[in-house]
Amino acid sequence: MEIGWRENPFFSLQNSLPDINRIVLFELVKLTGFSQIYAQLLLCLPSAHLSAELGELVQHVTRNSTEEDVRVLLEVWWELWKGRWGRQEEDDLDKVFTYRWTSLTNTTGLSPQAAKRFKSDPETSTSSSSTTDVLSILFHALEEMKEHLSTSDLCYRALSNCLDSLYTSHLIDQAIILPAEVQLQSLTSTVTVRKRHAGIEKFDLVQVISEARSDLKAAHTPSLFKPCGMTLMQALQTVSQLTQAWEKRGLLEMTDSGDPSDLTRRLKNSLARVLESLEERSMSETMDEGERQTLNNVQSTLRGLFVSLSFPDTESNAGEMAHIAVAIINHRLEGFQDFTMLFATELSWSLSMEEWISCLERNKNAFQRKDIVMKLVSTLIAKCQMDSEVEHCRKLKDIIVNIFAELPLTEKNTTLAEMLTCSKRGLQGSLPLAVMEGFSEELNMTFNCIIQGGSAQNNLSLAVAAIARVAFQNPEATLRRCCHLAVVNHGAHSLLSNILQQLSGLRGGAPGCTEGTGSSAGSLLCSCLQDTAMTKLSSAKEEDQFLHFLVALMQPSISESLERGQSFLHPEEVVCAFVLPHLSPSSGYSTCSLELCLRLLHSAFSLESQDPSPHWVMNCSPFPLLYILCQILNEGCRCWELPVEGAPCHLSTESKEMLVTVLTALGKVVGREVASAPNTWSRALFWLYNKVEALDWTVRFHLKVVWGDHFKNEVPSSLLAVCELPEQEWSGLKLAQYGQGTGLLAWMECCALSDEVQNTMLTSLALDQHRPDDVNMFSKGLLVAVTQTLPWCTVTEWGRLLRAMRELLRSGRLHVPYSLEYVDFLPLLDLRPFSCELRLSVLLLRVLQLLCGSSCKDWLPGQGWAHVGLLYASAMREVIDSLRGKLSQSSSNTSPKDSKHIQVMMPGGQCESLFLCALEILTHYEAVLATHPSSSSHLEIENTRHFFTTITDNLESAEMKAVLHQKIAQLSSSG
């Protein structure tokens, strides 16, 4: 039978509950002491059936009652109140029993109600009579049997049942959570008393603790059986009558006040709870005179009984409590989690170090909670300070680290954050060196495995766990190693940034700048990064790695450990730590180069801001930052100059372009904030305006987005002579360097500033195209203006000027006649489709001729000429690319134009950029001839080769001349 019901799937169909007389069943329960099992089976029944079955039991035990009947009733009563002993769901046996019971009752027509775990039904409760009220049934049964109780223990148990039942049914509506220390004291007292009375041989510690824990929980948890037939006053009167009856018989007198039994202690505790609750109820509720008198009488009776139980509470020493806690944790008894925190702190001093550590080691998973881990750390520190043995402390440290390593990632991060608030050096900062021995080796091995292993990228969670483990022991050392390896190991920045993104607990500190200093406030990571920048950035490659690492950390994260869109390293922290302290010329850029500062600013502004207004940059002294950037731009006019030895900074051409980009991005952000709250920023705005008045007008023009409608666009007065600009938006400045006739120079400089300003300049240009003399004079003036502007342009600015010149050529406002001075080498062509390119190339040729003329040849140093050549070569490449889009594959069209450009690119003869451009053109021409050999005659090819050779012969560089001659010779063979 025992095996069959478990293994046979048809057992329930083949077997039913055996027919048995209830009297036999009750007597069997009484004889075998199976009250607990019987109560558990009753709890499987629907509420109506449970009440009915309980009524059958009461009817049996109240007939010809004996003390054994009373004992059975009290045991079943209390087992019902304890419920399923902490089980939330029915086990398999419960389900089988419930199913068979339901089948039988449905067959016999007793009840169609489906079987379910008992839950109170308010509607049913209000309509049920006292015969279906479990509390009423039990109280009435006890009233009938009160004369059959002849021992104090039975009376104590009966009164305890009554008091706890009415307390949990009427006086509380939610569970009372006792502090862990109170629970442990109660359990220890119970265990001590039962052990003293039961003897060592019959004592099962685990079972006693489980029963005591169950009793304690039942006495503080609202009852499953809500009263529907018995009021609180009725229940209290019943208890009072029972008390008075048994007192008269002397059954409630203590025989030994020095050694109270467990039942006596339980009754005293039950009385204390009920009296306290009744006192609170009498103070808070309004009652009629009769109810209040009844309540007072009951309180008086119960208080008298309480006073008669005058024995001192059993005191539990810390050692006993610690051993009980060890047993609870070892066997994972119900509620063991409540005692782990207590065990990690106060109880750690009540056991020997070996016992305490041994329990921790056996039950590591029971202590896997972030708050417990931190308490264990505090205990470890305290024990180390008490000169405990190093070996014990080291073992304890290892256990705590292992417990931390098993925490979920979110709890690891919470623990790391809390550890940082205690010490940036974690455990190593609080423990003796002897206890932390071996940490350096562990740190090295961890990072070596991650960096060299190569598998960490495929299994990021393992790498995160490994880094978290060492970070728990020393966050500062871990972050420093991360920063160091991210710089010196190629490609490691990506992996390490991904790991740190998962460990948000290591962020530490709040983003922001310390007022007045501009330094980062409180971020350990920033401190480690700053140290790395000062000591490790010895090459451009390492600087790039460092930059990429910072950018990766600033990226909005999608990891579980950070809120969506939040970054591990806030851009505000980066700006405060790496830009503001080092961007000022007075700083000398000792830590971060000017280029690195600009790249960091550019990267920070490139990230999409997740913060609501105001933008994070408004916390980074935005107006002084704008002024410093303008200062640097003002001093970087000759960006092509080589840096002077010992100079604090040098603004390269590339850095100048990035500086303008950063200045524009910052200006847009600040401009939006100023526009949204003008009153807030008005003083700062006027301060900035006054500071930049001493700078070049073109530099101030970059702040146009910041000024908004507050200030006009200020330009040289000569510009207003060549442009029709509205006076409401534009005003003229009298500048000494912009005298009469410099309007087109100012106009060209405006065209180079931005696309928006360029469009304004093109649309507002004051030129009467119907007057040929005006167009001719404008064209000559523009030639001079381009010549003056070209050497100081960046590649981006030069590109804007080329677009402006193309627009002028297309619109007919710029007249550039192209001569056929090399007509001997040009076949007859329809040049109208290429008019713009031809005129632009001739214009640039005239510009270069003017620059190279006797009046200007000493104007620029060598670096300036190299820069001009670079810009000129870039213009030629644009022209060639434009021609390729228009020309057919016929080399008869391509060859003469390519020859023309080779001719104009050679005047200096020393410029590497022009030399490389010439090689590109010759290579392209050679490819066309090879693809279309019949596109040019042999005579045309020979003339072209002679044309190229003649120009090449004028080069000063023998090496360049030799290479070009070799390339030109290949043209002849290709043809």
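Quantities reported herein were computed from a predicted structural model and do not represent experimental measurements. (Residues numbered from 1 in each chain as written. Predicted model: local features only at pLDDT ≥ 70, side-chain atom pairs only at ≥ 80, totals over all residues. Heavy atoms only, no water.)

*Asks:* When you look at the overall build of the protein chain in this model, what are you seeing that I'm missing?
*Replies:* Looking only at helices and strands, the protein chain has 45 helices and 2 strands in total. Looking at the protein chain as a whole, 50% of its 975 residues qualify as buried. Partitioning the intrachain contacts of the protein chain with sequence separation of at least 6 by distance along the chain shows that 76% fall at a separation of at least 24. Entry remark: accessible area of the protein chain is about 45600 Å², with carbon and sulfur atoms responsible for 51%. (Helix = DSSP H or I, 4+ residues; strand = E, 2+ residues; numbered from the N terminus. Buried < 20%, exposed > 50% of the residue type's maximum accessible area, 1.4 Å probe, protein only. Contact = heavy atoms within 4.5 Å. Areas by Shrake-Rupley, 256 points an atom, 1.4 Å probe, with all protein chains shown as cover.)

*Asks:* Just checking my understanding: could you explain the nonpolar core for this structure?
*Replies:* What tends to happen in soluble globular proteins is that the nonpolar side chains get buried as a cluster. In terms of nonpolar packing, the biggest core is built from 144 residues, with Phe343, Phe472, Leu583 and Leu629 touching the most fellow members. Sorting elements by how many residues they give to this core places helix α30 (residues 622-635) first, with 9 residues. Within the second largest apolar cluster, 68 residues are counted, among which are Leu74, Leu80, Val274 and Leu295. (Core = buried A, V, L, I, M, F, W, Y, C linked by side-chain atoms within 4.5 Å.)

*Asks:* Which parts of the structure should I look at to understand helix α17 (residues 337-344)?
*Replies:* Burial analysis of α17 places 6 of its 8 residues in the buried class, the great majority of the element. Looking at α17, one finds that the buried residues are Phe339, Thr340, Met341, Leu342, Phe343 and Ala344. For α17, the elements touching its buried residues are α11 (180-198), α12 (205-218), α16 (318-330), α18 (353-362) and α19 (370-385).

*Asks:* Looking at this structure, how should I read the environment of leucine 964?
*Replies:* For leucine 964, the position within the fold is in helix α45 (residues 958-974). Here leucine 964 falls in the buried class, since its relative accessible area comes to 3%. Put simply, leucine 964 and threonine 952 are 12 residues apart on the chain and 7.0 Å apart in space, counted from C-alpha to C-alpha.

*Asks:* I keep staring at unusual backbone geometry and nothing clicks. Help me out?
*Replies:* Trans peptide bonds make up most of the peptide bonds, and negative phi angles are found at most residues other than glycine. Although it is not a glycine, asparagine 64 sits at a positive phi angle of roughly 55 degrees. Mapped onto the secondary structure, asparagine 64 falls in the loop between α5 (47-61) and α6 (67-82). Of note, the phi angle at arginine 332 is positive, near 50 degrees, even though the residue is not glycine. Its place among the elements puts arginine 332 in the loop between α16 and α17. With a relative accessible area of 30%, arginine 332 lands in the partly exposed category.

*Asks:* Got a minute to help me understand the pattern of salt bridges in this structure?
*Replies:* Side chains that carry opposite charge are capable of pairing whenever their charged atoms lie near each other. For the structure shown, the criterion picks out 35 salt bridges. With a closest N to O distance of 3.6 Å, lysine 424 and glutamate 476 form a salt bridge. Here lysine 424, found in the loop between α21 (409-422) and α22 (439-453), pairs with glutamate 476, found in helix α24 (residues 475-488); they are 52 residues apart in sequence, far enough to count as distant. Overall, lysine 424 belongs to the partly exposed group, its relative accessible area being 45%. (Salt bridge = Lys/Arg side-chain N within 4 Å of Asp/Glu carboxyl O.)

*Asks:* I keep staring at the packing of helix α9 (residues 134-145) against helix α13 (residues 232-248) and nothing clicks. Help me out?
*Replies:* Think of two packed helices as two axes; the pair is described by the angle between the axes and how far apart they sit. Between α9 and α13, the shortest axis-to-axis distance is 11 Å and the interhelical angle comes to 20 degrees. On the basis of their axis angle, the class for α9 and α13 is roughly parallel. Between α9 and α13 lies a crossing of left-handed hand. Every residue of α13 that contacts α9 at Phe139, Leu142 and Glu143 is listed here: Ala235, Thr238, Val239, Gln241, Leu242 and Trp246. (Axes fitted to C-alpha atoms, helices over the stretch in contact; angles between N-to-C directions. Parallel < 35°, antiparallel > 145°, perpendicular 65-115°, else oblique. Left-handed = near helix turned anticlockwise from the far one by under 90°.)

*Asks:* So what exactly am I meant to see when it comes to helix α32 (residues 678-691) here?
*Replies:* An α-helical turn contains 3.6 residues, so a residue and the one three or four places further along point in the same direction. With 14 residues, α32 should cover 20 Å at 1.5 Å per step; its first-to-last C-alpha distance of 19 Å lies within 8% of that length. If you look at α32, its biggest bend is around 30 degrees, right at alanine 684. Buried residues of α32: Trp681, Leu685, Leu688 and Tyr689, and no others. (Expected span 1.5 Å × (residues − 1). Bend = angle between axes of the 7 residues up to and from the residue.)

*Asks:* How do you make sense of the packing of aromatic side chains when you look at a structure like this?
*Replies:* Within a pair of aromatic rings, the relevant descriptors are the distance that separates the centres and the angle that separates the planes. Going through the model one piece at a time under the given rule, you end up with 17 aromatic pairs. Taken together, a centroid distance of 3.9 Å and an interplanar angle of 5 degrees make the contact between tyrosine 689 and phenylalanine 711 stacked. Taken together, the positions of tyrosine 689 in helix α32 and phenylalanine 711 in the loop between α34 (704-707) and β1 (713-716) put the pair 22 residues apart, joining distant regions of the chain. In this pair, the class of tyrosine 689 matches that of phenylalanine 711, namely buried. Aromatic pair tryptophan 697 and tyrosine 738: ring centres 6.1 Å apart, planes at 80 degrees, arrangement edge-to-face. Here tyrosine 738 lies in the loop between β2 (730-733) and α36 (743-753) and tryptophan 697 lies in helix α33 (residues 697-701), a separation of 41 residues in the sequence. The burial state of tryptophan 697 is the same as that of tyrosine 738; both residues are buried. (Phe/Tyr/Trp six-rings, centres within 6.5 Å; stacked < 30°, edge-to-face > 60°.)

*Asks:* How do you make sense of the state of the cysteines when you look at a structure like this?
*Replies:* When the sulfur atoms of two cysteines share a covalent bond, that bond is a disulfide. One pass over the full model with this rule turns up 0 disulfides. This cysteine, cysteine 620, is not joined by any disulfide, and cysteine 576 carries the nearest cysteine sulfur, 3.8 Å off. (Disulfide = S-S within 2.5 Å.)

*Asks:* Help me out: how do you make sense of the confidence of the model for the protein chain in this one?
*Replies:* Close reading of the predicted structure is inappropriate where its pLDDT is low. With 82% of its residues at a pLDDT of 70 or more, the protein chain shows a mean pLDDT of 81. This model gives residues 822-826 a pLDDT under 50, and the stretch forms 10 contacts once residues within four places in sequence are excluded. Across residues 889-908, where pLDDT falls below 50, the model places 73 contacts with residues more than four positions away in sequence or in other chains. (pLDDT = per-residue confidence, 0-100.)

*Asks:* Just checking my understanding: could you explain the side chain of lysine 412 for this structure?
*Replies:* With respect to the secondary-structure elements, lysine 412 resides in helix α21. Among buried charged residues, lysine 412 stands out as having no salt bridge; its nearest opposite-charge side chain is glutamate 406, 7.3 Å away. (Lys, Arg positive; Asp, Glu negative; His and termini not counted.)

*Asks:* Please explain the side chain of threonine 301 as it appears in this structure.
*Replies:* Among the structural elements, threonine 301 can be located in helix α15 (residues 289-308). The buried category is assigned to threonine 301, whose relative accessible area is 13%. A distance of 3.5 Å separates a polar atom in the side chain of threonine 301 from a polar atom in the side chain of serine 240. Threonine 301 has contacts with Ser240, Thr243 and Gln244, leaving out every residue within four places of it along the chain. (Polar contact = N/O pair within 3.5 Å; in protein donor to acceptor, adjacent residues only side chain to side chain.)

*Asks:* When you look at the packing of helix α40 (residues 835-852) against helix α41 (residues 862-886) in this model, what are you seeing that I'm missing?
*Replies:* Axis separation between α40 and α41 bottoms out at 10 Å; the angle between their running directions is 165 degrees. Between α40 and α41, the interaxial angle falls into the category roughly antiparallel. The interaxial crossing formed by α40 with α41 has left-handed handedness. Contacts from Glu837, Leu840, Ser841, Leu844, Leu845, Leu848, Leu851 and Cys852 of α40 reach α41 at Trp865, Val868, Tyr872, Ala875, Met876, Val879, Ser882, Leu883 and Lys886. Of the residues that constitute the contact of α40 with α41, the class distribution is 13 nonpolar, 2 polar and 2 charged. (Nonpolar A, V, L, I, M, F, W, Y, C, P; charged D, E, K, R; others polar.)

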